[in-house]
Amino acid sequence: ARGTAYGSELPVQAGDVIGHIGWRGWDGTNYSQNLSRAYIHGVAEETFTTTTYGTSLRFFTTRNGTSTALERITINDAGNIGIGSTTPVGLLNVRGARTGQALVQLDETGNQAIFTASASGTPRFTIQNDGNVGIGTTAPKENLDISALLPDLGITWTDTSNYGRVLFYENY
């Protein structure tokens, strides 16, 4: 609640930090200048009423060689997770730039698919751990394996060098 006197509290407003868990350490002189260098905030996402209590969680860390904690991960009121994004628009929104690295790295160390994208529970796109990519199949047999029934199979090929080719095999 806002306010300091009992009986004169005001409702929590959107943007208010309503909870804080923080970590700090001794730097040889002070305890991190009395500031948390890694912390989690619970934040009100709307003004609280007797029926509305929208909240988010925000995770902050301090990069090596610096002293300012920055927001790194957000879980918003809809449950969307933002990594590098404070306003995630999808269930998982990853945003940023990495020099010399992929933005997202998936490392399957067993024998399962590295990545599968589905629509309503139906797999649509798969990357296997051998590097084969499947569209319409979860078990691609080639570098690119497209599985669809004709006439639903549609491929657009653009090759300005005139050296490209597409081969189709039936029941190989």
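Bear in mind that the values here come from a model prediction, so they are computed numbers and not experimental data.

Rules of the game
Residues numbered from 1 in each chain as written. Predicted model: local features only at pLDDT ≥ 70, side-chain atom pairs only at ≥ 80, totals over all residues. Heavy atoms only, no water. Pairing = 2+ DSSP bridges. Helix = DSSP H or I, 4+ residues; strand = E, 2+ residues; numbered from the N terminus. Axes fitted to C-alpha atoms, helices over the stretch in contact; angles between N-to-C directions. Phe/Tyr/Trp six-rings, centres within 6.5 Å; stacked < 30°, edge-to-face > 60°. Buried < 20%, exposed > 50% of the residue type's maximum accessible area, 1.4 Å probe, protein only. Salt bridge = Lys/Arg side-chain N within 4 Å of Asp/Glu carboxyl O.

Novice: Looking at this model, I keep getting lost on the sheet that holds strand 5 (residues 81–83). Mind explaining?
Specialist: Picture the strands of a sheet paired through backbone hydrogen bonds; they go either parallel or antiparallel. Read across the sheet, six strands follow the order 1-2-3-4-5-6 without closing on themselves; strand pairing throughout is mixed. Whereas interior strands pair on both sides, the edge strands pair on one side only; in this sheet they are strand 1 (17–23) and strand 6 (92–94). Across the sheet, the mean angle from the axis of one strand to that of its neighbour is 20 degrees, orientation sign disregarded.

Novice: Quick question: what am I supposed to make of the packing of aromatic side chains here?
Specialist: Applying the stated criterion across every chain yields a total of four aromatic pairs. Between Tyr-39 and Phe-60, the aromatic rings sit 4.4 Å apart at their centres with planes inclined by 15 degrees, giving stacked as the arrangement. Pair noted here: Tyr-39 is in strand 2 (residues 38–44) and Phe-60 is in strand 3 (residues 55–62), with a separation of 21 residues, a long-range link. Ring geometry for Phe-48 versus Tyr-53: centroids 5.1 Å apart, planes at 75 degrees, classification edge-to-face. Owing to a relative accessible area of 17%, Phe-48 belongs among the buried residues under this scheme.

Novice: Is there a simple way to think about the sheet that holds strand 9 (residues 133–135) in this case?
Specialist: The sheet built from four strands is open, its strands ordered 7-8-9-10 with mixed pairing. The sheet is open, and its two borders are formed by strand 7 (115–119) and strand 10 (144–146), each paired with just one other strand. The sheet shows a mean angle of 20 degrees between the axes of neighbouring strands, taken without regard to direction. Both strand 9 and strand 10 contribute to a ladder of three bridges, which runs parallel. When the bridges of strand 10 are listed, Val-133 appears paired with Leu-144.

Novice: When you look at the pairing of strand 8 (residues 122–127) in this model, what are you seeing that I'm missing?
Specialist: Along a regular strand, successive side chains alternate from one face of the sheet to the other. Relative to strand 8, strand 7 runs antiparallel, the two being bridged by five bridges. Considered in strand 8, the bridge of Phe-115 is made with Ile-127. Between strand 7 and the antiparallel strand that follows it, strand 8, lie two residues; Ser-120 among them carries a positive phi value of about 55 degrees. When strand 8 meets strand 9, the two strands line up antiparallel, connected through three bridges. By the bridge assignment for strand 9, Ile-127 is matched with Val-133.

Novice: Where do I start with the pattern of salt bridges in this structure?
Specialist: Side chains bearing opposite charge may pair, as long as their charged atoms lie close to each other. All told, the structure shown has two salt bridges when counted by the stated rule. For Arg-2, the salt bridge identified is with Asp-16, shortest N-O distance 2.6 Å. Here Arg-2 is found in the segment before strand 1, whereas its partner Asp-16 is found in the segment before strand 1, with 14 residues between them in sequence. Overall, Arg-2 belongs to the partly exposed group, its relative accessible area being 37%. Between Arg-58 and Glu-45 there is a salt bridge, with the nearest N and O atoms lying 2.8 Å from each other. Of the two residues, Arg-58 sits in strand 3 while Glu-45 sits in the loop between strand 2 and strand 3, which places them 13 residues apart along the sequence.

Novice: How should I be thinking about unusual backbone geometry in this particular structure?
Specialist: It is generally the case that most residues other than glycine have a negative phi and that most peptide bonds are trans. Phi at Ser-120 is positive, roughly 55 degrees, even though this residue is not glycine. Here Ser-120 shows up in the loop between strand 7 and strand 8. For Ser-120, a relative accessible area of 82% corresponds to the exposed category.

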